[in-house]
Amino acid sequence: TNPRRMNKLSSALFVLALVAAVQAQAPADPGFPTGMYAIRPDPSPGIVDELNQITVLTMNYGGSDATGVEVELNYNDWGVTYHGWQTIGTTVVDIPANGNVEHVFEHIFENRAHTCLEVKVLNVASGGNDATFNDRTQINWEVVNAGEDVYIYIP
């Protein structure tokens, strides 16, 4: 194709086709948005000895499907029973190009504690992913006893 002989419309169509071809070949990039968008616990705060549901949003920022993405949710309770990171569960998801998937993990916490929830992609190279900066995120979260008054300082 000779760009000098193309009119504006055909030039624009050529560029769009070229951009689409490049995006279609882009690798998958599974990962997480920042903050409370990636990890959404319910109820909040969590309740000791009751079923807590934690929804995890996993994104695919890449132009190719991400298949077989291993997602793990962990918690780290800073209360009486500190044992380091403990796994709540893992799941395997397929995420379409430029899409997202939600998965709900369930867990019953045994103790009141300030808790960190962490979600991460275990197989960081899935789908050709080389942008690993977004393969892990965490939030702070409180787990309290049922009926307990909770005071949260907000500056």
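Everything discussed here concerns the structure shown above.
Residues numbered from 1 in each chain as written. Predicted model: local features only at pLDDT ≥ 70, side-chain atom pairs only at ≥ 80, totals over all residues. Heavy atoms only, no water.

### What about the overall build of the chain?
And then number 1: Counting its secondary structure elements, the chain contains one helix and nine strands.
And then number 2: The N-to-C order of helical and strand elements in the chain reads α-β-β-β-β-β-β-β-β-β.
And then number 3: By the burial criterion, 39% of the 155 residues in the chain qualify as buried.
And then number 4: Accessible area of the chain: about 9,400 Å², with a carbon and sulfur share of 54%. (Helix = DSSP H or I, 4+ residues; strand = E, 2+ residues; numbered from the N terminus. Buried < 20%, exposed > 50% of the residue type's maximum accessible area, 1.4 Å probe, protein only. Areas by Shrake-Rupley, 256 points an atom, 1.4 Å probe, with all protein chains shown as cover.)

### Remarks on the pattern of salt bridges
And then number 1: On inspection of all chains with the given rule, the structure shows three salt bridges.
And then number 2: Arg 40 is paired through a salt bridge with Glu 102; the nearest N and O atoms lie 2.5 Å apart. Taken as a pair, Arg 40 in strand β2 (residues 39-42) and Glu 102 in strand β7 (residues 100-108) lie far apart in primary sequence, 62 residues in all.
And then number 3: Here Glu 72 makes a salt bridge to Lys 120, at a shortest N to O gap of 4.0 Å. Taken as a pair, Glu 72 in strand β5 (residues 66-77) and Lys 120 in strand β8 (residues 113-121) lie far apart in primary sequence, 48 residues in all. (Salt bridge = Lys/Arg side-chain N within 4 Å of Asp/Glu carboxyl O.)

### Here's the deal with unusual backbone geometry
And then number 1: Following Asp 42, the chain continues into Pro 43 via a peptide bond in cis, with omega recorded as 5 degrees.
And then number 2: Counting through the fold element by element, Pro 43 comes out in the loop between β2 and β3 (46-47).
And then number 3: That bond from Ser 44 to Pro 45 is cis: its omega, 5 degrees, falls within 30 degrees of zero.
And then number 4: The topology assignment puts Pro 45 in the loop between β2 and β3.
And then number 5: Phi angles above zero are rare outside glycine, and Asp 49 is one such case at about 65 degrees.
And then number 6: Locating Asp 49 in the fold gives a position in the loop between β3 and β4 (51-60).
And then number 7: The class of Asp 49 is exposed, set by a relative accessible area of 56%.
And then number 8: Despite not being glycine, Asn 98 has its phi angle at roughly 55 degrees, a positive value.
And then number 9: Here Asn 98 is to be found in the loop between β6 (86-95) and β7.

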